[in-house]
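Notes for the structure review
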Amino acid sequence: MGEQLKTLQLDHYRSQTFTSLDAHYEAYRVMFKLLLEEGNFEKMSDFLRFDSEPFVLANSNLKILQLLLDQEEHFKENLKECLAQLYIIIGHCYFFSIEFVQAKKYYRLASSLALEEENYALLSLAMHNYFATQMDQLPKEIFWDISKIPAVFLKMGKPEDDRFLLVRFITHIEMSLQLGKVDYAEKLFNDYFKEYPFEKFSRIDLHVRVLRGKILFENGRYECAIEVMHKVLLLSMKANSHKDLVQECYKYITRSYKLINEEILLKKMEQYQSRFYRKIETDKRYMEKYIKTSTTNDFELDKSFISPLQQFHLTGTYLLNSVKDEGYTLVLVDCKVVATEKEKLNEIIHLINEEMMRVMKDVIITSTRLDESTIGYIIQLSENCTDTLCAKVFYKIREYYPKNSSELEAIYFASVNNKENGLTSYQKCLDLAYAYIYYEIYK
């Protein structure tokens, strides 16, 4: 009966239309927990493979990455049969955030496990993406030969895997184009992709469109390439998704405009492209902050702060899950120093904390060092009061470290009151605080 109930719950989950990605994620998280408790590896593997895609492809895929990393040990102990699939999804999260070093690590782990289990579908997928992370690092002729291998494993997989494993040919076609094998690449494209009925606007549909645009470009049909790429660019930007495809579209559109001497459009597109790359670099920086990359934190027990990191998390979880009275305000303070003055960061962080404690000692419930450059506080004040007092602190800090003439390049801060924003969890307050900091950087 219990197993039947969970099947019904999964069917219900998949039949729903969600009002937002956040609402979809909350339902995903609940369903993930239920499947963990059930322990059925086939259902879990299927769920990871088919139901994770909306979050993996989204530009804000940090939540699902954290969720999966948190359960890695549980999978090792209780769901080892799903571990290869888990590592592939973790690899995807990094890959689609243009974080190829970490992506390569998890694809390599997935490849090893899939080979042990003789799961050729997963092996093909893991190897394809592993090679994709190295496309610009290996000699092209060598990489071209290697890029055929995942397609060989495709032939050893199950017939029902074809729809999902066709993408294994994309890297090989792209490498063929780079080596000038345009006729060969176009024939392979026509054989496998031209008539295939992909779901419109799905990931693979957009990826295949980009591939078609690249073939048009290599055939000298630049205006047609721009038209194809521009449609994918607009769809991806509207969906706030597919960073890797956006990057490719920008690259080929700007190259095309240059070749047809459209100087005004070229300059505009280069500006958009530059802004996009700056956002990628900032996202990488915050991915490092937001995601646990190891079990230890060098700054977790910094005695200059009231609480160690884990205690801060627990206190935040307790205080911010209620909106009684005036609520509590979570404050993040993040510092950026010039690249050549990293050793000054510690000194600046401690000075900021001393000033925060001096100005707000009576209302700061707890504080911690979240990472090398970020401090967290929970304060019993409204957002407006908190912002006003923080501004006084940062004015004082700038007396020691003047803007444009000191090691301190920027101070970013965000304050989020759980009651004022209608938020009922520490994690939601933390997400909004990071979003505010992103806005400060991009505006």
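Rules used throughout
Within any chain, residue numbers begin from 1 and follow the written order of that chain's sequence. The predicted origin of the model limits local features to residues at a pLDDT of at least 70 and limits the giving and counting of side-chain atom pairs to 80 or more, whereas totals for whole chains, interfaces and linings rest on all residues. For side-chain calculations, the full set of non-hydrogen atoms in the structure is used, while hydrogens and water are omitted. What makes a patch is a set of residues exposed beyond 30% relative accessible area and free of salt bridges, joined within 9 Å when like-charged and within 5 Å when nonpolar (Val, Leu, Ile, Met, Phe, Trp, Tyr). Exposure was quantified through the Shrake-Rupley algorithm and a 1.4 Å probe, taking into account, for residues, occlusion by the shown protein chains and nothing else. Salt bridge criterion: a side-chain nitrogen from Lys or Arg within 4 Å of a carboxyl oxygen from Asp or Glu. When charges are counted, Lys and Arg contribute as positive and Asp and Glu as negative, whereas His and the chain ends are disregarded. To locate a charge, take atom NZ for lysine, CZ for arginine, CG for aspartate or CD for glutamate. Numbering of helices and strands runs from the N terminus, with a helix taken as a DSSP run of H or I at least four residues long and a strand as a DSSP run of E at least two residues long. Here, axes are lines fitted to C-alpha atoms. For helices the fit covers the stretch in contact, and angles between N-to-C directions go from 0 to 180 degrees. Roughly parallel refers to an angle under 35 degrees, roughly antiparallel to one over 145, roughly perpendicular to one between 65 and 115, and oblique to any angle outside these ranges. Left-handed is the label given to a crossing in which the near helix is rotated counterclockwise from the far helix by less than a right angle, and right-handed is the label when the rotation is clockwise. We call two residues contacting when some pair of their heavy atoms lies within 4.5 Å. Amino acids outside the nonpolar list (Ala, Val, Leu, Ile, Met, Phe, Trp, Tyr, Cys, Pro) and the charged list (Asp, Glu, Lys, Arg) are all regarded as polar, and Gly is one of them. Throughout this description, the term nonpolar core refers to a set of buried Ala, Val, Leu, Ile, Met, Phe, Trp, Tyr and Cys residues connected via side-chain atoms within 4.5 Å. Only protein chains enter the area calculation, which uses a 1.4 Å probe; residues under 20% of their type maximum are buried, those over 50% are exposed, and those in between are partly exposed. Note on pairing: two strands pair once DSSP finds at least 2 bridges between them.

An unreviewed UniProt entry lists the chain under the name Dehydrogenase, with Solibacillus kalamii as the source organism.

Residues Glu223, Glu262, Glu263 and Glu270 make up a contiguous surface patch of negative charge. Position of Glu263 among the secondary structure elements: in helix H18 (residues 263-290).

What follows concerns the packing of helix H13 (residues 168-178) against helix H14 (residues 182-192). Put simply, H13 and H14 touch, their axes get as near as 8 Å, and they point 155° apart. As judged from the angle between their axes, H13 and H14 are roughly antiparallel. When you trace H13 past H14, the crossing you get is left-handed. Of the residues in H14, those touching H13 at Phe169, His172, Ile173, Ser176 and Leu177 are Val182, Tyr184, Ala185, Leu188, Phe189 and Tyr192. Of the residues assigned to the contact of H13 with H14, the class counts are nine nonpolar, two polar and no charged.

In the contact formed by helix H15 (residues 203-218) and helix H16 (residues 222-239), the axes pass within 8 Å of each other and the chain directions differ by 160°. By the angle between their axes, H15 is roughly antiparallel relative to H16. Between H15 and H16 lies a crossing of left-handed hand. In this structure, H15 uses Leu206, Arg209, Val210, Arg212, Gly213, Lys214, Leu216 and Phe217 to contact H16, whose residues at the interface are Tyr222, Cys224, Ala225, Val228, Met229, Val232, Leu235 and Ser236. Class assignment of the residues belonging to the contact of H15 with H16 gives a composition of eleven nonpolar, two polar and three charged.

A few words now on the nonpolar core. Within the largest apolar cluster, 51 residues are counted, with the highest numbers of intra-cluster contacts made by Tyr28, Phe32, Met44 and Phe75. In terms of nonpolar packing, the next biggest core, distinct from the first, is built from 24 residues, Cys335, Leu351, Ile352 and Phe394 among them.

The next subject is the pairing of strand S3 (residues 374-379). Taken across its six residues, S3 has six buried, putting it largely inside the fold. Bridge count for strand S1 (residues 329-337) against S3 is six bridges, and the pairing is antiparallel. Pairing of Thr329 across the sheet is with Ile379, part of S3. Across six bridges, the pairing between strand S2 (residues 364-371) and S3 is antiparallel. Bridge pairing in S3 places Asp371 opposite Thr374. Following S2, the chain reverses through two residues before pairing antiparallel with S3.

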